[in-house]
Amino acid sequence: MSVIVRAVRQAATVSSPPYTQTFTVPGAFGGNPKAAIFIVTGAVTEATFANGAQLSFGITDGTRQFAISSAAQDNVATSNCHNRKSNTNCIYMIAGTAVDAAANFNAWVTDGEQINWTDAPPVAALVTCILLGGTDLSVYAGDFTASSSVNTGTTVTAPGFQPDHLIIMGNSA
């Protein structure tokens, strides 16, 4: 079985959108990956705390993309937490109820992937990009609405093949 998983971390470039940013692991795939997972935090540099909490978790298969985001304000008298989702972005950061940063899939490149920032992050957030590829890998990034009833299943007919592994994420937004 030939499945390749590689990760790269870099700061999101703070610039006026739209602009592209490329994530590559030279020599890792000998071609294009098939999927990318993005984990983005509000921290600006490695091992440095950020005021408040921000997290985005997103995925793309190059055709479809989905991201969730959560944020919590620090040092306030009452809880101030929010979450949102997007099925048009692979990175989606919020600050309170407002969009703080957003990016969508742009193109596969040799040994990597390129995103298009449509809403630039206000500071250089850390982006971890996990690239997946290989000859034995089939991927499908999709979303569905789970039943709100207890002990009730949700039938999902996509992707049209039986997956060996699932990555499931969700929030209540």
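Refer to the preceding data block for the structure.
Residues numbered from 1 in each chain as written. Predicted model: local features only at pLDDT ≥ 70, side-chain atom pairs only at ≥ 80, totals over all residues. Heavy atoms only, no water.

A.B. asks: Hey, could you run me through the side chain of Gln 114 in this one?
C.D. replies: Tracing the backbone shows Gln 114 in strand E9 (residues 112–119). Engagement of the side chain of Gln 114 in a polar contact is seen with the side chain of Thr 22, the distance being 3.1 Å. For Gln 114, the contacting residues outside a window of four places in its chain are Thr 20, Gln 21, Thr 22, Phe 105, Asn 106, Ala 107 and Val 109. (Helix = DSSP H or I, 4+ residues; strand = E, 2+ residues; numbered from the N terminus. Polar contact = N/O pair within 3.5 Å; in protein donor to acceptor, adjacent residues only side chain to side chain. Contact = heavy atoms within 4.5 Å.)

A.B. asks: I tried to follow the nonpolar core on my own but got confused; where do I start?
C.D. replies: Looking at soluble globular proteins, one finds that nonpolar side chains tend to be buried together. Counting residues in each nonpolar core, the largest one holds 23 residues, and the members touching the most others are Phe 23, Phe 38, Ile 91, Ile 115, Trp 117, Val 127 and Cys 129. Of all the secondary-structure elements, those providing two or more residues to this core are strand E1 (4–11), strand E2 (19–24), strand E3 (35–41), strand E7 (91–95), strand E8 (98–109), E9 and strand E10 (126–133). Beyond its immediate sequence surroundings of up to four residues, Val 127 is in contact with Val 8, Arg 9, Gln 10, Ala 12, Phe 23, Phe 38, Ile 39, Val 40, Ile 91 and Trp 117. By size, the runner-up hydrophobic cluster in this structure holds eight residues, among which are Ala 35, Ile 37, Ile 68 and Leu 137. (Core = buried A, V, L, I, M, F, W, Y, C linked by side-chain atoms within 4.5 Å. Buried < 20%, exposed > 50% of the residue type's maximum accessible area, 1.4 Å probe, protein only.)

A.B. asks: Can you help me understand the sheet that holds E9 in this one?
C.D. replies: Paired through backbone hydrogen bonds, the strands of a sheet run either parallel or antiparallel to each other. An order of E2-E9-E8-E7 is seen for the four strands of this open sheet, with the pairing classed as antiparallel. Because the sheet does not close on itself, it has two edges, and the strands there are E2 and E7. Averaged over all pairs of adjacent strands, the angle between strand axes in this sheet comes to 25 degrees, irrespective of strand direction. Across five bridges, the pairing between E7 and E8 is antiparallel. If you follow Tyr 92 over to E8, its bridge partner there is Ala 102. (Pairing = 2+ DSSP bridges. Axes fitted to C-alpha atoms, helices over the stretch in contact; angles between N-to-C directions.)

A.B. asks: Sorry if this is basic, but what is going on with unusual backbone geometry here?
C.D. replies: Leave glycine aside and you will find that most residues have negative phi; peptide bonds, for their part, are mostly trans. Note that the residue after Ala 158, namely Pro 159, is joined by a cis bond; omega there is 25 degrees. Its location among the elements puts Pro 159 in the segment after E10. A positive phi is found at Asp 111, a non-glycine position, where the angle reads about 60 degrees. Along the polypeptide, Asp 111 turns up in the loop between E8 and E9.

A.B. asks: Teacher, can you tell me more about the sheet that holds strand E6 (residues 81–86) here?
C.D. replies: Sheet architecture is open: six strands sit in the order E1-E10-E3-E4-E5-E6, paired in antiparallel fashion. Edge positions in the open sheet fall to E1 and E6, since each of these has one partner strand only. When the angles between neighbouring strand axes are averaged without regard to direction, this sheet yields 10 degrees.

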